[in-house]
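Results of the structural survey
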Amino acid sequence: DGGITQSPKYLFRKEGQNVTLSCEQNLNHDAMYWYRQDPGQGLRLIYYSQIVNDFQKGDIAEGYSVSREKKESFPLTVTSAQKNPTAFYLCASSIDIGGEGEAFFGQGTRLTVV
Amino acid sequence: AQKVTQVQTEISVVEKEDVTLDCVYETRDTTYYLFWYKQPPSGELVFLIRRNSFDEQNEISGRYSWNFQKSTSSFNFTITASQVVDSAVYFCALSEAWAAGNKLTFGGGTRVLVKP
């Protein structure tokens, strides 16, 4: 079945560590996105990529980094510079870059700083 | 800049009651798309409906219906005859046609609790 796979589902990080969240899609979508969701709040865009080897900052990119070396993969690294990384992270992809296509989401990674 | 506001943060109903979720948006673009997504307790967002800015026809799809009014910048969503499985957080979202990367802007979400 086609879809988006995020791993791990739960992740614990010590203060000062970098961690990488995985996102893989087999939908052949060009566009991929990372969103952050805090408890009781909506989704905020961290980074997005329209094509391989290209990505742009979203609304809250500070403390995060991404890469897009393959069409299928869009990993997100939460660096030690991110002061409050505990949150639920959602990866998404869409076929249409013009805004019309709906986004398909993974099941999310819940990151907790311990 | 685009903005989406969901009026209700939480709605509680008894099964079989209708539920209407309100969404108000702001955009300077003339071509845009509006979406409703459902987020069940599992966490994954599920696409429900889409409407483009040129089509104000309201529709019904099963137990879902929506009311798009461009004049008031509103895109309301109704669940008819609610069921316990409808309990989830519902998000309204906006995408501008000319925005790079299909940037979806989400509202804060409305938590719907359907009691048996």
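Residues numbered from 1 in each chain as written. Chains lettered and ligands numbered in written order. Predicted model: local features only at pLDDT ≥ 70, side-chain atom pairs only at ≥ 80, totals over all residues. Heavy atoms only, no water.

Residue and element names in this part refer to chain A. Applying the stated criterion across every chain, the model contains 18 aromatic pairs over all chains. For the ring pair Tyr35 and Phe105, a centre distance of 6.0 Å and an interplane angle of 45° mean the geometry is tilted. With Tyr35 in strand S4 (residues 31–37) and Phe105 in strand S10 (residues 104–105), this residue pair connects regions lying 70 residues apart in the sequence. Of the two residues, Tyr35 and Phe105, both sit in the buried class. Ring centres of Tyr47 and Phe55 lie 5.9 Å apart, and the angle between their planes is 80°; on these two criteria the pair is classed as edge-to-face. (Phe/Tyr/Trp six-rings, centres within 6.5 Å; stacked < 30°, edge-to-face > 60°. Helix = DSSP H or I, 4+ residues; strand = E, 2+ residues; numbered from the N terminus. Buried < 20%, exposed > 50% of the residue type's maximum accessible area, 1.4 Å probe, protein only.)

All names here are of chain A. Reading across from one edge, S1-S3-S8-S7 is the order of the four strands in this open sheet, with antiparallel pairing throughout. The strands lining the two open edges of the sheet, one partner per strand, are strand S1 (4–7) and strand S7 (64–66). Direction aside, neighbouring strands of the sheet carry axes that sit 20° apart on average. As judged from the three bridges shared by S7 and strand S8 (residues 76–78), these two strands associate in the antiparallel manner. Residue pairing for S8: Tyr64 is matched across the bridge by Val78. (Pairing = 2+ DSSP bridges. Axes fitted to C-alpha atoms, helices over the stretch in contact; angles between N-to-C directions.)

Before going further, it helps to examine the interface of chain A and chain B. Facing the 25 residues of chain A at the interface are 23 residues of chain B. In this assembly, chain A packs against chain B so that about 1,900 Å² is buried in total across both faces, 50% of it on carbon and sulfur atoms. Applying the counting rule to chain A against chain B returns one salt bridge. In this structure, Glu102 of chain A engages Arg50 of chain B in a salt bridge whose closest nitrogen and oxygen atoms are separated by 2.5 Å. Inspection of the chain A/chain B interface yields five residue pairs in polar contact (both at pLDDT 80 or more). Those elements that place two or more of their residues in the side of chain A that touches chain B are S4, strand S5 (43–51) and strand S9 (87–94) of chain A. Examining the composition of the side of chain A that touches chain B, we find that four residues originate from one element, S5 of chain A, more than from any other. (Contact = heavy atoms within 4.5 Å. Buried area = accessible area lost by both parts, 1.4 Å probe. Salt bridge = Lys/Arg side-chain N within 4 Å of Asp/Glu carboxyl O. Polar contact = N/O pair within 3.5 Å; in protein donor to acceptor, adjacent residues only side chain to side chain.)

Leu21, Trp36, Phe75, Phe77 and Tyr90 of chain B are the most contacted members of the largest nonpolar core, which has 24 residues in total. When residues in this core are grouped by element, the largest group, four residues, is from strand S10 (residues 88–96) of chain B. Listed in part, the 21 residues of the second largest apolar core include Ala31 of chain A together with Phe35, Tyr37 and Leu104 of chain B. (Core = buried A, V, L, I, M, F, W, Y, C linked by side-chain atoms within 4.5 Å.)

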